[in-house]
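# Structural characterization, general
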Amino acid sequence: MYPTLYHAFYDMFGVDWPWAKLLNSFGFFVALAFVLASMALTHELKRRAQIGLFKPQKKSITVGTAPQWPDIIVNGAIGFFIGWKFVYLIANSGQLFANGSAPQKHIFSSEGYWILGILAGVGFGAWRWYEYKKQQLPKPIVQEMDVYPHHLSGNITFASAIFGLLGAKLFHLLENPNEFKAFFQGPTFQDFVGGLTVYGGLIIGAAGVLLYARSKKINLWHLMDSAAPAMILGYGIGRIGCQVSGDGDWGIANTAPKPGWLSWAPDWLWSYDYPHNVNGEGINLFPCEAAYQPDHCTHLVPSVFPTPVYETTLALIIFFVLWQLRKKITTPGVIMSLYLIMNGIERFFIEKIRVNNKMDFLGMKLTQAEIISVLFIMAGIVMWIYVHKKYGKGSASVPQTS
C-alpha cells in the first residue's frame, strides 16, 4: 500500500523524494476522479447543447475595465501562500518529514519563508494588475454572451465537491454515532478529512448541484442524464484511491482458497492483507522498511476481500454501458434511471462482503449503504416509469428550463 505518493515513487522507482509526502495517495485519486468526471460531464453537456437539448442563457459582461482590486488581492494572496508555505515545504521536506513527522503538522503552522511569500504575493498581484491594464479600454464595453451548461461545468464540479465532502462527513457520523459527539466537541483537521461515506457525498453533492443548476435555469433532466456517466466514472476512480492507500474500505476476512475459475488471476485479487495500509490497522509487519516507519508497518491477518478493486471494475463497466447508451436513448431521465438501478445493485451486493456497521431497519440487520442502495434501485425504477409515461419512448423533447 502507498499512504502517500512518496511511498509509491520509493517502491516503484527507488527514488527518495520527501516532498511527495505532501501528496496523500487517496486524495490524489479523489482529485483525479473529479477531474475525469468533470471532463466527461463537459463533453456530454457540450454534445447535448450542439443537438439543441439546452438553450443558452444570456449574460452581460463588461470588458476593458480598470484593474479590479479584489481580484488583484486574491491573486496576491495565492502568490504569498506559494512563496511562504509551498516553497518552504518543498525545499525543507527532507528535514521536516523525517522520522515519520506528519506533513499536516507543518502545513497548518506559522513556519515558512515570510519574505519570499511577501515578494511572491507582490509579484502575483502586480502581474494581475498588468493584465488588466493591458486590456483596459478608454471606455468599458458591455457585451452579451450565450452561456451554455458546459460553460458552467467547473462550477458544477466545485459545487459537487463542497457539498459532497459535507455530505460524506455527515453520513459517516450518522453511521458511527460514537464519533458524532467527539467530532463536535474537539474537531481536528484529520477528523474532518478522515471517515467519509461515499453515498453521503453522492446524495448531498447531487442535491447541491441540482440547487445550483436550478438557479441557473439549466434543464434538470438533461443535466442528470449528462452527469450519470461522469458520476459512476468518478466513483470508480475514487475507489482506486481506497485500494492504493488501504484506507479501511476493504472487505470481510477471506480465508477460503481461491476458486478454480479464478486461476488466471493473481492471489491478491481474491484475498489481500493490505500491507502498510494508511490506517495502521492489523498486526505488526516484520521486517518494515524505514520509509514506512513508524505509522505504516502493519498488515491484516487474516486477509480480506479487496472490495475497492471489485467496485472499480464494476463502476467502469457501468460507465462504459451508460456512455454507449447516452446517444441511443433519447427519453429524458432514462440514463439517470439506469445509473440509479445499476449503482444500487452493484453496491448492495458488494456490501455482503464489505466491512461496515449494521443497523436495525424494519427488523432486519442492514448497513446504511444497503438501505440507500435499495432506495436507489426503487428510485431508478420509479423514475424510469415516470419519464416513459410523461415524455414517451424515444422523445428527447422536454421544456428547456427547469
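Definitions and limits used
Residues numbered from 1 in each chain as written. Predicted model: local features only at pLDDT ≥ 70, side-chain atom pairs only at ≥ 80, totals over all residues. Heavy atoms only, no water. Helix = DSSP H or I, 4+ residues; strand = E, 2+ residues; numbered from the N terminus. Contact = heavy atoms within 4.5 Å. Buried < 20%, exposed > 50% of the residue type's maximum accessible area, 1.4 Å probe, protein only. Polar contact = N/O pair within 3.5 Å; in protein donor to acceptor, adjacent residues only side chain to side chain. 1 Å grid on protein atoms, 1.4 Å probe; cavity = no way out; pocket = protein on both sides within 12 Å on 5 of 7 lines; lining within 4 Å. Points joined across faces, edges and corners; volume = space filled by probe spheres on them. Nonpolar A, V, L, I, M, F, W, Y, C, P; charged D, E, K, R; others polar. Axes fitted to C-alpha atoms, helices over the stretch in contact; angles between N-to-C directions. Parallel < 35°, antiparallel > 145°, perpendicular 65-115°, else oblique. Left-handed = near helix turned anticlockwise from the far one by under 90°. Salt bridge = Lys/Arg side-chain N within 4 Å of Asp/Glu carboxyl O. pLDDT = per-residue confidence, 0-100. Core = buried A, V, L, I, M, F, W, Y, C linked by side-chain atoms within 4.5 Å. Disulfide = S-S within 2.5 Å.

### Here's the deal with the environment of V142
Along the polypeptide, V142 turns up in strand β2 (residues 141-147). Sequence separation between V142 and T255 is 113 residues, and the spatial gap between their C-alpha atoms is 69 Å. Leaving out residues up to four positions away in the same chain, V142 has contacts with S60, I61 and T62.

### A short note on the side chain of R48
Tracing the backbone through its elements, the reader meets R48 in helix α2 (residues 25-50). Assessed through its relative accessible area of 4%, R48 is described here as buried. A distance of 3.3 Å separates polar atoms of two side chains, one belonging to R48 and the other to S226. Setting aside anything within four residues of it in sequence, one finds R48 in contact with L53, F54, H222, D225, S226 and R326.

### Description of the layout of surface pockets
A water-sized probe rolled over the atoms picks out the places where empty space is left. Computed from the structure, the second largest pocket encloses a volume of approximately 260 Å³. Q57, K59, V147, L152 and K216 are the residues nearest the centre of the second largest pocket, which is lined by 16 residues in total. Among the secondary structure elements, those contributing two or more residues to the lining of the second largest pocket are β1 (57-63) and β2. Top contributing element to the lining of the second largest pocket by residue count: β1, with 3 residues. Its residues placed into classes, the lining of the second largest pocket shows 7 nonpolar, 4 polar and 5 charged.

### Quick notes on the packing of α2 against helix α11 (residues 220-245)
Between α2 and α11, the shortest axis-to-axis distance is 8 Å and the interhelical angle comes to 160°. Regarding the angle of α2 to α11, the classification is roughly antiparallel. Here α2 runs over α11; the crossing is right-handed. For the contact of α2 with α11, the per-class residue count stands at 17 nonpolar, 7 polar and 3 charged.

### Describing the pattern of salt bridges
By the definition in use, this model includes 13 salt bridges. The partner of R128 in a salt bridge is D71, with the nearest N and O atoms 2.9 Å apart. Taken together, the positions of R128 in helix α6 (residues 114-135) and D71 in helix α3 (residues 69-91) put the pair 57 residues apart, joining distant regions of the chain. Note on D71: relative accessible area 26%, which makes it partly exposed. Look at the salt bridges and you will find they share partners, linking R239, D249, E311, R347, E351 and R354 into a network.

### Description of the confidence of the model for the protein chain
Looking at the protein chain, the pLDDT average stands at 88 and 91% of residues meet or exceed 70. Averaged pLDDT values over the elements of the protein chain bottom out at 53 in helix α9 (residues 189-193) and peak at 97 in helix α12 (residues 307-325).

### What to know about the environment of D11
Within the secondary structure, D11 sits in helix α1 (residues 5-13). The spacing of D11 and A291 is 280 residues in sequence and 9.3 Å in space, taken between C-alpha atoms. The contacts of D11, once residues within four sequence positions are left out, are Y2 and Y292.

### Comments concerning the nonpolar core
In terms of nonpolar packing, the biggest core is built from 57 residues, with I156, L223, I232, L322, M336 and Y339 touching the most fellow members. Breaking this core down by element, the ones donating at least two residues are α1, α2, α7 (153-175), α10 (198-215), α11, α12, α13 (334-350) and α14 (368-391). The element best represented in this core is α11, accounting for 12 residues. Not counting chain neighbours up to four residues away, the residues in contact with L223 comprise L45, F54, I156, V209, A213 and I218.

### What to know about the environment of Q57
With respect to the helices and strands, Q57 occurs in strand β1. In the structure, Q57 is positioned 160 residues away from K217 in sequence and 8.0 Å away in space, judged by C-alpha atoms.

### Considerations on the packing of α7 against α10
Interhelical geometry of α7 versus α10 gives an angle of 140° and a closest axis separation of 6 Å. Classified by the angle between their axes, α7 and α10 sit oblique to one another. Of the two possible hands of crossing, α7 and α10 adopt the one that is right-handed. Between α7 and α10, the contacting residues are N155, I156, A159, S160, F163, G164, G167, A168 and F171 on the first element and G200, G201, I203, I204, G205, G208, V209 and Y212 on the second. Residue classes in the contact of α7 with α10 are distributed as 9 nonpolar, 8 polar and no charged.

### Section: the state of the cysteines
Scanning all chains against the criterion turns up 1 disulfide. Put simply, C288 and C297 are joined by a disulfide, and their sulfur atoms are 1.9 Å apart. On the sign convention where negative is left-handed, the bridge of C288 and C297, at about -70° about the S-S bond, is left-handed. There is no split in this pair, since C288 and C297 are both buried.

### Comments concerning the side chain of T157
The residue T157 is located in helix α7 in this model. You can call T157 buried: its relative accessible area is 15%. A polar contact of 2.9 Å, which involves the side chain of T157, links it to the backbone oxygen of S153. Setting aside residues no more than four positions away along its own chain, T157 makes contact with F34 and S38.

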